[in-house]
Amino acid sequence: MTIDRSTAEKLDAADLLADYRNRFVINDETLIYLDGNSLGRLPIASRERVRRVLEDDWGQHLIRSWTDRWLDLPSRIGDLIGQHLLGARPGDVIVSDSTTVALYKAISAALDARPGRRSVVIERDNFPTDRYLVESLAQQRGLEIRWVEPAGTEGVTDAQLAAVLDETVAVAVLSQVDYRSAALLDMKGLTARLHSVGALSVWDLCHSVGSVPIDLVADEVDIAVGCTYKYLNGGPGAPSFTYVRADLRDQLRQPIWGWWGRREMFDMDQGFDAQPDMQAWLSGTPSVLSMAAIEPGVAMIAEAGMPPIRDKSCALTALAVDLHDEWLEPQGWVLATPRDPSRRGSHVTVARADALEVTARLVESGVIPDFRRPDGIRLGLAPLTTRFVDVYDGMARIAQEG
Ligand SMILES: *Cc1c(COP(=O)(O)O)cnc(C)c1O
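Predicted, not measured: the structure shown is a model, and the values here were computed from it.

A. Summary view of the packing of helix α12 (residues 355–364) against helix α13 (residues 388–401). For the pair α12 and α13, interaxial distance at closest approach is 10 Å and the crossing angle is 125°. Taken together, the axes of α12 and α13 lie oblique to each other. Once α12 is placed against α13, the crossing between them reads as right-handed. From α12, V358, R361 and L362 reach across to α13, where they touch R397, I398 and E401. Partitioning the contact of α12 with α13 into residue classes produces three nonpolar, no polar and three charged.

B. Structural context of the site of the ligand. Inspection of the region around the ligand gives S98, T99, T100, F127, T129, D130, S175, D204, C206, H207, Y229 and K230 as its neighbouring residues. With respect to the ligand, the side chain of D130 contributes an N or O atom lying 3.4 Å from a nitrogen atom. Y229 has a polar side-chain atom sitting 2.6 Å from an oxygen atom of the ligand. In isolation the ligand offers 400 Å² of accessible surface; the protein chains occlude 85% of this area. Among the elements of the structure, α5 (99–112) and α6 (128–141) are those that each provide at least two residues to the shell around the ligand.

C. Quick look at the pairing of strand β5 (residues 169–175). Counting buried residues along β5, seven of its seven residues qualify, which places the element largely inside the surrounding structure. As defined by bridge partners, strand β3 (residues 119–123) adjoins β5 across four bridges and the pair is classed as parallel. Opposite V120, over in β5, you have V171 as the bridge partner. The pairing of β5 with strand β6 (residues 200–204) spans five bridges and is classified as parallel. Looking at the pairing, V171 lines up with L200 of β6. As a crossover connection, the stretch from β5 through helix α8 (residues 187–195) into β6 is right-handed.

D. Region of interest: the sheet that holds strand β7 (residues 223–226). Read from one edge of the open sheet, seven strands run β2-β8-β7-β6-β5-β3-β4, paired in mixed fashion. Of all strands in the sheet, those with a lone pairing partner are β2 (93–95) and β4 (144–148), marking the two edges. Recorded for the sheet is a direction-independent mean angle of 20° between the axes of neighbouring strands. When β6 meets β7, the two strands line up parallel, connected through three bridges. Bridging from a neighbouring strand, V202 pairs with I223 of β7. On top of the sheet, α5 reaches β3, β5, β6, β7 and β8 (241–244); it is set at about 170° to β7, its chief contact.

E. Representation of unusual backbone geometry in the model. Cis geometry is found at the peptide bond from R373 to P374, where omega equals 0°. You can see P374 is positioned in the loop between β12 (370–372) and β13 (376–380). Positive phi, normally seen in glycine, also occurs at L62, with a value near 50°. Mapped onto the fold, L62 is located in the loop between α2 (44–61) and α3 (64–70). Judged by its relative accessible area of 49%, L62 is partly exposed. Even without a glycine there, the phi angle at A182 is positive, about 75°.

Criteria and thresholds
- Residues numbered from 1 in each chain as written.
- Predicted model: local features only at pLDDT ≥ 70, side-chain atom pairs only at ≥ 80, totals over all residues.
- Heavy atoms only, no water.
- Axes fitted to C-alpha atoms, helices over the stretch in contact; angles between N-to-C directions.
- Helix = DSSP H or I, 4+ residues; strand = E, 2+ residues; numbered from the N terminus.
- Parallel < 35°, antiparallel > 145°, perpendicular 65-115°, else oblique.
- Left-handed = near helix turned anticlockwise from the far one by under 90°.
- Contact = heavy atoms within 4.5 Å.
- Nonpolar A, V, L, I, M, F, W, Y, C, P; charged D, E, K, R; others polar.
- Near = heavy atom within 4 Å.
- Polar contact = N/O pair within 3.5 Å; in protein donor to acceptor, adjacent residues only side chain to side chain.
- Areas by Shrake-Rupley, 256 points an atom, 1.4 Å probe, with all protein chains shown as cover.
- Buried < 20%, exposed > 50% of the residue type's maximum accessible area, 1.4 Å probe, protein only.
- Pairing = 2+ DSSP bridges.
- Right-handed = clockwise from strand over helix to strand, strands pointing away.

Here is the structure:
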């Protein structure tokens, strides 16, 4: 079967989400941007929002903005993400630090809640920051790291996880969607497996939030952390969110006790006394400009709805896989992403030894994917901004440059 460009054009014409693209700042229509999972595009509404926070809130209203405009941002935006994208209840989610710092707090709190257990589990292929944090905490506390390996293109299975578990494991750190292969893990099943030995789960949602439907309450996830600058379009360095299961909240205490996490913070009293709710996971003053930029993008995803977003995401990745099979496989490329759409997130990785050089040529010619070591070109297909013709043209360029 030959796929021609009109196939992609027809898919775009029938796309119920097509109009959302017009709500983003797009200055160069010739640029094929396939990296919305590293840095999502800028929503027009976010540009306006940041300008207003800058000029009105900061420029004119000054310190008064803290009390009447900014103080509730961490919980308000947390609730917006939680309710529409995470299957969480109001009060379950807070927006605060970078993903790295939030993960550190989460893993540390989970370890503290399982005193006496001497091991921590993580996948060998997990994102570097997750691995380094586990290594740091293991070294500080003299814990054993149990590596799940090799996760491979299909991701961690129940059997692989079960093989490293016993009653000495305190916590496992897992990514719902793998940053390289896009493998989508069975969050509910793996969490249940961890609970069967009394271990806690810390889920990294960086590559799943905003692209895959998530139901943290139904899946009985203990702690989850995710990024807001990828599919949520929150802008470079926008702060992360943290979810903690309601019935664990009084057992889990994050380690960075700052004044923002204290009851009656403005009393500035002696001794730390944690807030009773998710505010306890705050540490210091949040970055307001970055946080304000998150809200319009999340509101847009909430408006579009996760089921249509997931449907389009699967169709986009399916087109990329079909084009890989037709054009790239004969050139020696290998698909490094699960073939079954229900087992993958919203990116597709194709691998060949010279991927780094090919990526450089693609960027020069106006196609922006991401190179992922050792040999992958990763194509991030953001459902609100990527068109089917972008997938078609981007894949054609790889076939041409490769
Ligand atoms: C992007 C990403 C991060 C990013 O962490 P930062 O602290 O924002 O740099 C962490 N984990 C995963 C899986 C990611 O994809």
